[in-house]
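A structural walkthrough
The primary structure of each chain is shown beneath.
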Amino acid sequence: MAAARRARAGGGGGAGPRFGRAAEPEPAVPQGLLRLARRSGQLNLAGRGLSHVPEHVWRINVDPPEEAQQSLSFGAADRWWEQTDLTKLILASNKLQGLSEDVKLLPALSTLDVHDNQLTSLPSALGQLENLQKLDVSHNQLRSLPEELLQLPRLRSLLVQHNQLSQLPEGLGQLLSLEELDVSNNQLTAIPSSFALLVNLVRLNLACNQLKELPADLSAMKSLRQLDCTKNYLETVPPKLATMASLEQLYLRKNKLRSLPEFPSCKLLKELHAGENQIEMLDAENLKQLSSLCVLELRDNKIKAVPEEITVLQKLERLDLANNDISRLPYTLGNLPQLKFLALEGNPLRTIRRDLLQKGTQELLKYLRSKIQDDGPGPGDESPVTAMTLPSHSKVNIHAITTLKLLEYSDKQAAEIPEAVFDAVGSNADTVNFSKNQLREIPPRLVELKDSVCDVSLGFNKISSISSELCLLHRLTHLDLRNNVLTALPEEMEALKNLHTINLAFNRFKVFPSVLYHLPALETILLSNNQVGSIDPVQLKGLDKLGTLDLQNNDLLQVPPELGNCENLRSLLLEGNPFRTPRAAVLAQGHGCTAGRTLRSRIPS
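Residues numbered from 1 in each chain as written. Predicted model: local features only at pLDDT ≥ 70, side-chain atom pairs only at ≥ 80, totals over all residues. Heavy atoms only, no water.

1. With respect to the overall build of the protein
Scanning the protein for helices and strands turns up 12 helices and 21 strands. By sequence separation, contacts in the protein at least 24 residues apart represent 35% of the contacts at least 6 residues apart. Per element, the accessible surface of the protein, about 28000 Å² overall, is 48% carbon and sulfur. (Helix = DSSP H or I, 4+ residues; strand = E, 2+ residues; numbered from the N terminus. Contact = heavy atoms within 4.5 Å. Areas by Shrake-Rupley, 256 points an atom, 1.4 Å probe, with all protein chains shown as cover.)

Written out as structure tokens, the structure reads:
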């Protein structure tokens, strides 16, 4: 008898599709599970290896149960005509390639979950489930959505992420009850204009598509609190989006933004994620509009300066500025009362010691606050030129020289540095910034600072050779010569025994400067975007403090296996070179682990 019941259960009371499959019979749906579903209104068939849904599942509220056909003597609990209609059906994580049109036999369904299957299409009968509130068809192989979906008046959650959709139905805006829509990880290139009608939408996920622009009509979504546009091709954000008064979380990571959007009406915005873009500047006026912001994530951009106005973000708890081009911080950053996390690694910071950065956020903020007190202007002093003063607005300022020990004459497009600048500083400057001018040689009077200067920036000029004056700066620790026209370095630079960091990116070097092998204190060599064809791993191993070597976008035809012996080298960047082995994917895993072992394994025994 039990065997007969199992057989009937497998067929759903009729000649089901499993009969005749002798090889691997389809897993049966236990009758006990169906009985429970009739009482609870919920049926969970997730992870059962189903390649199709048995017919008796669709007919669970239509046909009488098997027990009723066998016996008329059953208790109140088994009175099937009094039992509940199915409202929740979970078919997730099976092997379904399609759904039957018989889904219309479950008109009371409020939740249908078929995520993580192999569906290539959806039945039009879904449009007859007028009580459906949540539909999850994510992680399938759908190429389109049926127009009938637009007939679901009560649908509140539609999840279609991780499919193969290249477009959405134009009339999607008809789903007026929709509160959650996830279309991420598809192949969408445009958003239907009817999205503007989704005035009840609270969460919208557009991440990981191929969107080049957002329709300005999105601003009509007055209830939207979370918008995720991560990993698209956005270059701008429509100004009208700034009127979305309910927006609390905005994700714009991994796009092509060159500036931070303006948000004058987003008074409730708490989280702004815009990392991995091409943002170069933070506009002070834009920051003033974000008074409720708790999280600001801007890592992996090209930001050069942090404005003093960042202190208006009094509720800020997390600030991520890692891997930008920031050389100085405003000391007033220490005044942010709620700040618990501050990420600054990967920036060419000159005024803050590296060991201080490694002590954590609270110690860093404490240091910044102490500098505010130390460097505050006295009565009668003119307003100080801080480290964040725009170079184009600065003059020779005695206060900046005496207090910050900073000699700055940058972004002037000057062919030479005025004598008055050196006359004003005397010999008392730790940091010199002559970047973004038209200099063709090292200023000769720089040698007057040989007993004090530690940091020199001469980037973005037209310098073609290094004179002997620079080689006399025996206290020099940081030297920035990027974006010039250098082809070689003089051997006299061997005298710079304290040099920790040198930036030679975007010059015209065809060979690795040999003098660098003789600077034992070097920790960072940045030589990307040149034409270097080879490196000497044996001499490089002698630089036992070297932790970062950036040779991206050069002409390396091979990577010497002996590089694997440079075990202190934590970051080896070689992308954009024409070598074929080892594979770029191996090197991308980090020099200190897989890449290092791979290189060492190639050393001839």
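2. A closer look at the sheet that holds strand β21 (residues 571–573)
On the basis of which strands lie adjacent, the open sheet formed by eight strands has the order β14-β15-β16-β17-β18-β19-β20-β21 and parallel pairing. With one partner strand each, in any of the chains shown, β14 (406–408) and β21 form the two edges of the open sheet. The mean angle between the axes of side-by-side strands here comes to 5°, regardless of whether they run parallel or antiparallel. Bridging between strand β17 (residues 478–480) and strand β18 (residues 501–503) involves three bridges; their strand directions are parallel. Along β18, the bridge assignment pairs L479 with I502. (Pairing = 2+ DSSP bridges. Axes fitted to C-alpha atoms, helices over the stretch in contact; angles between N-to-C directions.)

3. So, the pattern of salt bridges
Throughout the structure, instances matching the rule amount to 11 salt bridges. Of the charged contacts, one joins R253 and E276 as a salt bridge, the two residues approaching to 3.0 Å between their closest N and O atoms. You can see R253 sitting in the loop between β9 (249–251) and β10 (271–273) and its partner E276 sitting in the loop between β10 and α5 (284–288), a full 23 residues away along the chain. Given a relative accessible area of 31%, E276 falls into the partly exposed group. The salt bridge involving R482 is made with D480; its shortest N-O contact spans 2.9 Å. (Salt bridge = Lys/Arg side-chain N within 4 Å of Asp/Glu carboxyl O. Buried < 20%, exposed > 50% of the residue type's maximum accessible area, 1.4 Å probe, protein only.)

4. Focus: the nonpolar core
L89, L181, F195, L204, L206 and L272 are the most contacted members of the largest nonpolar core, which totals 100 residues. Residue assignment for this core shows that the elements contributing at least two residues are α2 (31–40), α3 (55–58) and α7 (361–375). The dominant element in this core, judged by the number of residues it contributes, is α7, at four residues. With residues up to four places along the chain from it excluded, the contact list for L204 reads L181, F195, L218, M221, L224, Q226, L227 and D228. In this structure, Y409, L516, I535 and F579 belong to the second largest nonpolar core, which totals 56 residues. (Core = buried A, V, L, I, M, F, W, Y, C linked by side-chain atoms within 4.5 Å.)

5. Remarks on the environment of L516
Mapped onto the elements, L516 comes out in the loop between β18 and β19 (524–526). Exposure remark for L516: the relative accessible area of 0% places this residue in the buried category.

6. Overview of α2
Turn by turn, an α-helix covers 3.6 residues, leaving residues three or four places apart pointing in a common direction. For α2, the set of buried residues is Q31, L34, A37 and R38. The buried residues of α2 occupy one face: seen down the axis, they fall within an arc of 115°. The positive-phi residue at the C-terminal boundary of α2 is G41, with phi of around 80°. (Arc of directions from axis to C-beta.)

7. A few points about the side chain of T501
In this structure, T501 sits in strand β18. Ignoring sequence-local partners within four residues, the contact set of T501 consists of R354, T477, H478, L479, L522 and T524.

8. Concerning the side chain of S528
Looking at the secondary structure, you find S528 in the loop between β19 and α10 (537–541). Ignoring sequence-local partners within four residues, the contact set of S528 consists of A505, F506, D550, L551, Q552 and N554.

9. Some words on the packing of aromatic side chains
One pass over the full model with this rule turns up two aromatic pairs. Both rings, one in F422 and one in F434, keep their centres 5.8 Å apart while their planes meet at 80°; by these two values the pair is edge-to-face. Here F434 lies in the loop between β15 (431–433) and β16 (455–457) and F422 lies in helix α9 (residues 419–425), a separation of 12 residues in the sequence. Classification of F422 as buried rests on a relative accessible area of 3%. For F434, a relative accessible area of 0% translates into the label buried. Measuring from centroid to centroid gives 4.9 Å for F512 and Y517, while their planes differ by 25°, and the two rings are stacked. (Phe/Tyr/Trp six-rings, centres within 6.5 Å; stacked < 30°, edge-to-face > 60°.)

10. A short note on the environment of G547
Summarising the element assignment, G547 is placed in the loop between α10 and β20 (548–550). The exposure class assigned to G547 is buried, which follows from its relative accessible area of 0%. Separated by 21 residues in sequence, G547 and N568 place their C-alpha atoms 5.8 Å apart. Apart from the residues lying within four places of it in its own chain, the contact partners of G547 are E523, N568, L569, R570 and S571.

11. Quick look at unusual backbone geometry
The phi dihedral of E276 falls on the positive side, at around 55°, and the residue is not glycine. At Q413, a residue that is not glycine, the phi angle is positive and equals roughly 55°. By the secondary structure assignment, Q413 is in the loop between β14 and α9. Among the residues examined, Q413 registers a relative accessible area of 45% and is labelled partly exposed.

12. A closer look at the environment of L336
Examined against the element boundaries, L336 turns out to sit in the loop between β12 (318–320) and β13 (341–343). The buried category is assigned to L336, whose relative accessible area is 2%. Taking the C-alpha atoms as reference points, L336 and Q314, separated by 22 residues in sequence, lie 5.6 Å from one another. For L336, the contacting residues outside a window of four places in its chain are I310, T311, L313, Q314 and L316.

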